Amino acid sequence: MKQPYELTIKEAIDLMNDGKLTSYDLVKSCLDRIEGMEPTINAFTYISKEKALQQASQIDERRSKGEPLGRLAGIPYSLKDVYNTYEEPTTAGSKMLDGYISPYNATVYEKLTQEDAILIGKTNCDPFGFGSSTENSAYGITRNPVNTEHVPGGSSGGSGAAVAYGGGLFSIGEDTGGSIRCPAAFCGIYGLKPTYGRVSRYGAIAYASSYDTVGPMTKDVYDNALVMEVISGIDEKDATTSPSDIPQYTEEMMTTIKGKKVGYVKEFMGEGVDKDVKEALEKALEKYKALGCEIVEVSLPSTEYAIAAYYVIGISEASSNLARMDGMRFGVEDSASNWKEKIINARGKGFGAEEKRRIMVGTYALSAGYADKYYHKAQAVRGLLKQEILKAFEKVDILVTPTMPVTAPKIGENTDDPLKMWLMDAFTVTINPVGVPAMSIPCGTDSQGLPIGMQLIGKHFDESTIFAFANAFDSSKE
Amino acid sequence: MDSNYELIIGLEVHVQSKTKSKMFCSCDANYFNAAPNSHVCPVCFGLPGALPVPNKRAIELCIKTALALNCKINQNTKFDRKNYFYPDLPKGFQISQYDQPIGYEGYIDIETKEGKKRIGITRIHQEEDTGKSIHSNGETLLDYNKSGVPLIEIVSEPDFRTKEEVTAYCKRLRQIVRYLSVSTADMEKGEMRFELNMSLRKRGESTLPKYKVEVKNIASISVLEKVIDYEFKRQSEILDNGELPQQETRGLVDMSGQTVSQRTKENEADYRYFPEPDIPLIEISQDMIEQIRAEMVELPQAKKDRYVKEYNIDADTAEAIITDSATYVTFENMIAGLSPNYIVEIAKWYTGDYFSLVNNKERHSGFLDSMLVDIVKMVVDKKITRANAKEVLEISYTQGSKPEEVVEQKGFEIVSDTGAIAEIVEKVIANNPKAVEDAQKNPNAAMFLVGQAMRELKGQADAQTVKDMVLEKISK
């Protein structure tokens, strides 16, 4: 029999409903697992042991009394350390916010708490989401539990690793250019970047406001759909959230995909894609064909410029978003009496190399005389990219690509070459400027046994089709 | 300012909108006298993860102001970030509007002694205020209560040529935003602030000067006037020496109007404006514009022009009535349904004797505005004399007594029986043969006889009637 920490959300809920498992034992199992794994993996920046166990006991008690419980009652989960909660520290993986306790809760946390989910800790990440390997965190690197010589991906690497090893049944990641999908791919789990505006960003420490999305990282498709039903929806505190209805994802994921059109993106299957990754993708496309889908080749010629455009806009916004980290009201402080020095010193001490790099380049891209050449040009490319993807969706129901062109690199392999690291994100960063939803699901392993992720890209607010394709793929495995 | 130089001035005016909550969060916007940092939340305190949500009411007030200033409306508008570091700017950027302001290309008509003039409005946009730095004892304290309070910025064309025009514009603008209930524009509370853009050119030249001096953070119209005087002197001295004043931003030393250089063109701030990604584009529908237009009250200049044209009220009196909403509303209530001959007279009494009572005497709670109307009617209808009417007004105002009762008590009712008047006039003529003789040579001398007759009548007769009668009788 599986250990409780190995269960999916659905399995755990069923067992708890049948009286075969208590939330306390489930939480305890996860905490023990964390205790055992953390010395090697370092997925967590904060572990909420007492509070989590106390909450679990309360849920068990309420359950025994027959009181109504939330949809995720007693399920332990983690939050990427960019979500503000007022009883735990929030660091964003940066020294800048070391020890920072927020006076308010992020909306996603409020929604999960409403459904009686139990926060067991906050997970490590590249500072402010700046990275694809979780090697930039001020709180140490996180290792990939599949193979500890390798990175877990990033920036939500702690979340990917935690879900993969059983440190909580799911995690909430944050995806600006692949930060949910990349670690999902590298750790062999399910990670959804929802449509921009589907899930409230209120309380999520911003990287690039027009790209940032909040999404679930889970052990299977159903869990992902279930968590999405809980965290989606309009929020009066986030003006960019959509008022559109929240679909019953857990039902709609059962819809047949027979007769649907699958687009594969020519540009994402070429040079630079590992042989194993390519083969896994080709097999997946064969499978969809066998399931009654029509496979259509799609071309997105502007993707050549997508990485450049993505980074220019992303770090421009980041340079502005991080301006509030000025050491005046919170975070790292400096004792200089002159305000300019005080701010400069605080930022100098608090930010790491990757933060400084992105702030400087972003500031440059927005500067007078350069904004037209960089920021505005990048926005033009973004417009083009959006048009191309929307046009592709006139022909197909879903786009299928590798999530990453490679499997998890070794720790330290790319740290001296930030450009190579940035280029690795080509297939994920293309999506955020457009705002459509995309999910990474496992689709095999490479010759070393490292997981390969397949990216399913859907139309705006059509997470249901993504879930249906993910579910169909998994169902045909058994 | 008699000088070889002509002023070229453009103004940026900030007006704090009267909204319940702040521009991008639900904090109470009324922070005046509140304990420091008691009106803050994660949004206006700039905490990580907080997001701005625009205040719809504030945007409506901005549109209303734009319409009142005859602006075109950008139906597709957006917010932008203006990036700079300062301790009282919590987010490291101010949310403002850059290239798609809510209103643009409008104007305000102003009046000075030189006559009417149209001042162009370049743009009107919505933004948020910063916090406040309080410097004391070598320390700087920060209060973020003001952070995020809605501000409307109104930018004029460089159309001002005299200080009087600037003053007239500022007063008219303040009046307009108060009429519209957009702002209380109380300068003591910092609800209306000014930025001056000023340069000089030789009289007769028609091109704009090659430099511009900007003076920021001017808190009142009177200081603004002093700054203009100071800068006029400073800049003309430089020009007199054959030099060109530096293009720069200057700040105030104190309330005297003296300015000092703060920033020259070389180290001008680069605000790195870009669209605020946390706020979606805003569409202002035609319906919304029409709805706001329908709520609009008659504006000061239009009201003044109408008073002059419809009621024959003189311009100065009309200006005094349109000062503020309370003043014109009282007036318009008083004149409702009255014929024009009464209205002109009411306007004069209202702005003259009545205003002076308001300023100098305590109003009795029993006094009603309609009593002023009753008194003026009696004057126009020649039931009491002007001089007695003043007394009646003062008694009514300070004691709350009904005018008719005062008139009766005091016996102020004019003798309108011409037979009785004629009798007295004849008696006076008979008793003053010398004066009659003088008056027959010189009609001005008849005033003595009129005076005598008025005395006999105890003042209770219309002086004109008496005069006419005296002249008639002596001419026979």
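Residues numbered from 1 in each chain as written. Chains lettered and ligands numbered in written order. Predicted model: local features only at pLDDT ≥ 70, side-chain atom pairs only at ≥ 80, totals over all residues. Heavy atoms only, no water.

Things to note about the overall build of chain A
Part 1 of the reasoning: Regarding its fold elements, chain A presents 16 helices and 11 strands.
Part 2 of the reasoning: In terms of overall size, chain A behaves like a compact globule, its C-alpha atoms giving a radius of gyration of 21 Å where 478 residues would be expected to give roughly 23 Å.
Part 3 of the reasoning: In terms of overall dimensions, chain A has C-alpha extents of about 65 × 55 × 45 Å along its principal axes.
Part 4 of the reasoning: Each of the 478 residues in chain A was classed as buried or not, and the buried ones make up 63%.
Part 5 of the reasoning: Once local pairs closer than 6 in sequence are excluded, the contacts in chain A between residues at least 24 apart make up 75%. (Helix = DSSP H or I, 4+ residues; strand = E, 2+ residues; numbered from the N terminus. Rg over C-alpha atoms; globule rule 2.2 N^0.38 Å. Buried < 20%, exposed > 50% of the residue type's maximum accessible area, 1.4 Å probe, protein only. Contact = heavy atoms within 4.5 Å.)

A word on the overall build of chain B
Part 1 of the reasoning: Regarding its fold elements, chain B presents 15 helices and 16 strands.
Part 2 of the reasoning: Rg of the C-alpha trace for chain B: 30 Å, well past the compact-globule value of 23 Å for 476 residues, more than 25% over.
Part 3 of the reasoning: The dimensions of chain B, computed from C-alpha atoms along their principal axes, are 95 × 55 × 50 Å.
Part 4 of the reasoning: For chain B, the proportion of its 476 residues judged to be buried stands at 51%.
Part 5 of the reasoning: Taking contacts inside chain B between residues at least 6 apart in sequence as the whole, the part at least 24 apart equals 69%.
Part 6 of the reasoning: Counting only carbon and sulfur atoms, one obtains 48% of the accessible surface of chain B, whose full area is about 22,700 Å².
Part 7 of the reasoning: Counting 62 positive and 74 negative side-chain charges, chain B places the averaged centre of each group 1 Å from the other. (Areas by Shrake-Rupley, 256 points an atom, 1.4 Å probe, with all protein chains shown as cover. Lys, Arg positive; Asp, Glu negative; His and termini not counted. Charge placed at Lys NZ, Arg CZ, Asp CG, Glu CD.)

Examining the environment of L15(A)
Residue and element names in this part refer to chain A.
Part 1 of the reasoning: With respect to the helices and strands, L15 occurs in helix α1 (residues 9-17).
Part 2 of the reasoning: Here L15 falls in the partly exposed class, since its relative accessible area comes to 22%.
Part 3 of the reasoning: Residues contacting L15, with those up to four places away along its chain left out, are L7, K20 and L21.

Things to note about the interface of chain A and chain B
Part 1 of the reasoning: Taken residue by residue, the interface counts 37 residues in chain A and 32 residues in chain B.
Part 2 of the reasoning: Counting the surface lost from both chain A and chain B, the interface buries some 2,800 Å², and carbon and sulfur atoms represent 62% of this.
Part 3 of the reasoning: Per-residue buried area on chain A facing chain B is highest for R324(A), R329(A) and W339(A); these three make up 24% of the total on that side.
Part 4 of the reasoning: Its salt-bridge partner being D278(B), residue R201(A) comes within 2.9 Å of it at the nearest N-O pair. (Buried area = accessible area lost by both parts, 1.4 Å probe. Salt bridge = Lys/Arg side-chain N within 4 Å of Asp/Glu carboxyl O.)

Considerations on the pattern of salt bridges
Part 1 of the reasoning: Inspection of the entire model under this criterion finds 58 salt bridges over all chains.
Part 2 of the reasoning: With a closest N to O distance of 3.1 Å, K2(A) and E11(A) form a salt bridge.
Part 3 of the reasoning: Given a relative accessible area of 39%, K2(A) falls into the partly exposed group.
Part 4 of the reasoning: For K434(B), the salt bridge goes to D438(B), with nearest N and O atoms at 3.3 Å. Residue K434(B) and its partner D438(B) are located together in helix α13 (residues 433-441), separated by 4 residues, close to a single helical turn.
Part 5 of the reasoning: Its relative accessible area of 30% is what places D438(B) among the partly exposed residues.

Side note on the packing of helix α10 (residues 303-321) of chain A against helix α12 (residues 353-366) of chain A
All names here are of chain A.
Part 1 of the reasoning: Running from N to C, α10 and α12 cross one another at 105°; their axes reach a closest spacing of 7 Å. What the angle tells us is that α10 and α12 run roughly perpendicular. Residues Y311, V312, I315, S316 and S319 of α10 touch α12, and the partners they reach there are R358, I359, V361, G362, T363, A365 and L366.
Part 2 of the reasoning: When grouped by side-chain class, the residues that make up the contact of α10 with α12 number 7 nonpolar, 4 polar and 1 charged. (Axes fitted to C-alpha atoms, helices over the stretch in contact; angles between N-to-C directions. Parallel < 35°, antiparallel > 145°, perpendicular 65-115°, else oblique. Nonpolar A, V, L, I, M, F, W, Y, C, P; charged D, E, K, R; others polar.)

What about the confidence of the model for chain B?
Part 1 of the reasoning: Mean pLDDT over chain B: 93, with 99% of residues reaching 70 or higher.
Part 2 of the reasoning: What the predictor reports for the complex is a pTM of 0.91 with an ipTM of 0.96. (pLDDT = per-residue confidence, 0-100.)

Things to note about unusual backbone geometry
Part 1 of the reasoning: In this structure, S155(A) follows G154(A) across a cis peptide bond, with omega equal to 10°.
Part 2 of the reasoning: Residue placement: S155(A) occurs in the loop between β3 (118-123) and α5 (157-165).
Part 3 of the reasoning: Despite not being glycine, N37(B) shows a phi value in the positive range, around 55°.
Part 4 of the reasoning: Residue placement: N37(B) occurs in the loop between β1 (5-16) and α1 (56-68).
Part 5 of the reasoning: Taking the relative accessible area as the measure of exposure, N37(B) reaches 30% and is therefore partly exposed.

Considerations on the pairing of strand β7 (residues 115-128) of chain B
All names here are of chain B.
Part 1 of the reasoning: As defined by bridge partners, strand β6 (residues 103-112) adjoins β7 across 9 bridges and the pair is classed as antiparallel. Looking at β7, one finds that I108 is bridged to I119.
Part 2 of the reasoning: Counted along the chain from β6 to the antiparallel partner β7, the turn is 2 residues long.
Part 3 of the reasoning: The pairing of β7 with strand β10 (residues 150-156) spans 7 bridges and is antiparallel. Considered in β10, the bridge of H125 is made with E153. (Pairing = 2+ DSSP bridges.)

Observations regarding the environment of V406(A)
Residues and elements named next belong to chain A.
Part 1 of the reasoning: Looking at the element boundaries, V406 is found in the loop between β9 (398-402) and α14 (418-423).
Part 2 of the reasoning: Under the relative-accessibility criterion, V406 is labelled partly exposed at 22%.
Part 3 of the reasoning: Sequence separation between V406 and P451 is 45 residues, and the spatial gap between their C-alpha atoms is 9.8 Å.
Part 4 of the reasoning: Excluding anything up to four places from it in sequence, V406 contacts F186, D274, V277 and M424.

Examining the sheet that holds β10(B)
Residue and element names in this part refer to chain B.
Part 1 of the reasoning: Taken in spatial order, the 9 strands of this open sheet run β2-β6-β7-β10-β1-β11-β12-β13-β14, and their pairing is mixed. With partners counted over all chains shown, the strands left at the sheet margins are β2 (72-73) and β14 (259-264), one partner each.
Part 2 of the reasoning: Of the strands in this sheet, β2, β6, β7 and β10 touch α1, which is tilted by about 165° from β7.

Let's talk about helix α3 (residues 49-64) of chain A
All names here are of chain A.
Part 1 of the reasoning: The end-to-end C-alpha distance of α3 is 23 Å, a good match for the 22 Å that 16 residues give at a rise of 1.5 Å each.
Part 2 of the reasoning: Listed in full, the buried residues belonging to α3 are K51, A52, L53, A56, I59 and D60.
Part 3 of the reasoning: Here the buried face of α3 lies against α2 (23-41), α4 (107-114) and β3.
Part 4 of the reasoning: G66 occupies a position one or two residues after α3 and carries a positive phi of about 75°. (Expected span 1.5 Å × (residues − 1).)

Structural notes on the nonpolar core
Part 1 of the reasoning: Grouped together as the largest cluster of nonpolar side chains are 207 residues, with contacts concentrated most on L112(A), I172(A) and Y169(B).
Part 2 of the reasoning: Counting 37 residues, the second largest nonpolar core, distinct from the first, contains A318(B), I322(B), M334(B) and W349(B). (Core = buried A, V, L, I, M, F, W, Y, C linked by side-chain atoms within 4.5 Å.)

Some thoughts on the sheet that holds strand β7 (residues 261-265) of chain A
The strands making up a sheet associate through backbone hydrogen bonding, with each pair oriented either parallel or antiparallel.
Residues and elements named next belong to chain A.
Part 1 of the reasoning: Read across the sheet, 11 strands follow the order β1-β3-β2-β4-β6-β5-β10-β11-β9-β7-β8 without closing on themselves; strand pairing throughout is mixed. The sheet is open, and its two edges are formed by β1 (44-47) and β8 (294-298), each paired on a single side. The mean inter-strand angle of the sheet, taken between neighbouring strand axes irrespective of direction, is 30°.

What about the pairing of β1(B)?
Part 1 of the reasoning: Burial analysis of β1(B) places 12 of its 12 residues in the buried class, which makes it a mostly covered element.
Part 2 of the reasoning: Of the two faces of β1(B), the one holding Y5(B), L7(B), I9(B), L11(B), V13(B) and V15(B) and the one holding E6(B), I8(B), G10(B), E12(B), H14(B) and Q16(B) are both buried throughout.

Focus on the side chain of S320(A)
Part 1 of the reasoning: As for its placement among the helices and strands, S320(A) is situated in helix α10.
Part 2 of the reasoning: If we ignore the near neighbours within four places in the chain, the residues touching S320(A) are R81(B), N83(B), K91(B), F93(B) and F274(B).

Some thoughts on a negative patch on the surface
All names here are of chain B.
Part 1 of the reasoning: A cluster of acidic residues, E404, E405, E408 and E413, forms a negative patch at the surface.
Part 2 of the reasoning: Take E404: it is sitting in helix α11 (residues 403-410).
Part 3 of the reasoning: Assessed through its relative accessible area of 41%, E404 is described here as partly exposed. (Patch = residues over 30% accessible without salt bridge, like charges linked within 9 Å, V, L, I, M, F, W, Y side chains within 5 Å.)

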